[in-house]
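The chain contents come next:
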Amino acid sequence: MAYINSSSALTRVKLVMIKAKDMAGATPVESDFYSAASNTTGAITTVANDAIVVPGLQDITLNNANGAFRWKQLDQAGENVITTNASNSLSGNFVLDPTAFFGAVTGTGAGKDGIFKLSNDRVQVAFLMAPEGVTDGKKLFMGTGFISALAPKVSADSPVFVSPITVEVNGDYTLGTAAIAA
Amino acid sequence: MRTELLAYFSTHLTGTIKLSGELPWEQGGQALYRQNLKRIYVDDEQTVKSVLQPLLSEDDIMQTVTTVRCYLAMDAKNKSSDLDATLAVFAQARTQSGVTNSFRNEMDITTELDQSVEIYTIEYRFYTVA
């Protein structure tokens, strides 16, 4: 059996975000987030649209929870069901990087604003989540949504700020295949 | 951190219990502190790195625990009159020795008897993010 392996530098999970208004089209595509990546190192070498490559990810969960409508018929012993609209969200935890969280000095988009401002201002973002990295042929989840659930926390035992993050997904995920890396 | 502790002890130990700048090496099969009573010996630093925050990337956030052990021996039948003051200095050194980049400082004092000599082992542990 094959499995999605995120354990090497080439296949690290990546989460990239831009402002949704910076997308070229109505739905996000790979080139909205970066224009160059390396098939050798697995790194995103040139971001597009001032994207944030979220650093310090500790875990990430992709939620695709379909609703269900059930009904009973007198001629059947079991219930019938169809699935209805899904609640989609992307959640995880990350260690706060000052630049990614508070924004950069320069830039024109998400990177300049930073994750906190994108959340605080309720800016719609587009995201790309690469469960097995961005080398050619790897699958990519993309979509748009809003950042929520930020709760930076520090404690005496762990003096490094860590925060949960959720992207409440607006509509469906788009599944793509990485093709930019060289 | 050994340097900071040595500097703190040399400033604050003014009684009959003195500080030695030497490491507690052995001579004739016996540690120096066991031979030279009422002398404090500060051993070299031991460091252990462990993961503080695991990340999906390869650059986990690490913590370093630096352990420094100090030794003091004295005649159990005739303890020094300034022993209590010396133990207070040991306790104060945990937070006041000038180690500024640690987020947690711990200290233990343990004693053991070797014939008529009581040996104090003072262990400091400084936790830093590295």
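In the block above lies the structure referred to throughout.
Let me sum up the structure you'll find in this document. Keep in mind that what you see is a predicted model, and the values were worked out from it rather than measured. Each chain has its residues counted from 1, following the order in which its sequence is written. Key to labels: chains lettered from A, ligands numbered from 1, both in the order written. The predicted origin of the model limits local features to residues at a pLDDT of at least 70 and limits the giving and counting of side-chain atom pairs to 80 or more, whereas totals for whole chains, interfaces and linings rest on all residues.

**Considering the interface of chain A and chain B**
Our working definition: Once C-beta atoms are placed from the backbone, any two residues with those atoms within 7 Å are in contact. Under the convention adopted here, Pro, Cys and the residues Ala, Val, Leu, Ile, Met, Phe, Trp and Tyr are nonpolar, Asp, Glu, Lys and Arg are charged, and Gly plus all remaining residues are polar.
Across the boundary between the two partners, chain A contributes 13 residues, which contact 11 residues of chain B. Considered class by class, the residues forming the side of chain A that touches chain B number 8 nonpolar, 4 polar and 1 charged.

**Let's talk about helix H3 (residues 83–96) of chain B**
Residue and element names in this part refer to chain B. Short version of the rule: Here a strand is any run of E in DSSP of at least two residues, a helix any run of H or I of at least four, and the numbering for each starts at the N terminus. One fewer than the residue count of a helix, multiplied by 1.5 Å, yields its expected span. Here a residue counts as buried when 20 or more other C-beta atoms sit within 10 Å of its C-beta, as exposed when there are 12 or fewer, and as partly exposed otherwise, the C-beta atoms being derived from the backbone. The arc in question is traced by the directions running from the helix axis to the C-beta atoms.
Under the 1.5 Å per step criterion, the end-to-end length of H3 is 19 Å for 14 residues, consistent within 8% with the ideal 20 Å. All of the buried residues in H3 are Thr86, Val89, Phe90 and Ala93. For H3, the arc enclosing every buried residue in end-on projection is 105°, short of the 170-degree limit, so these residues lie on one face. Opposite the packed face of H3, turned more than 90 degrees from it, sit the exposed residues Asp84, Ala88 and Thr95. Packing partners of the buried residues in H3 comprise helix H1 (2–12), strand E7 (102–114) and strand E8 (117–129). Two residues or fewer after H3 comes Gly98, characterised by a positive phi angle close to 95°.

**Focus: the pairing of E8 of chain B**
Residue and element names in this part refer to chain B. What counts here: A pair of strands is considered paired only if DSSP assigns at least 2 bridges between the two.
Examined bridge by bridge, strand E6 (residues 61–75) and E8 share 13 bridges and lie antiparallel to one another. From the neighbouring strand, Thr66 faces E8, where its bridge partner is Phe126. Taking the residues that link successive antiparallel strands as the turn, the E7-E8 hairpin has 2 residues, and the phi of Gln115 there is positive, at about 55°.

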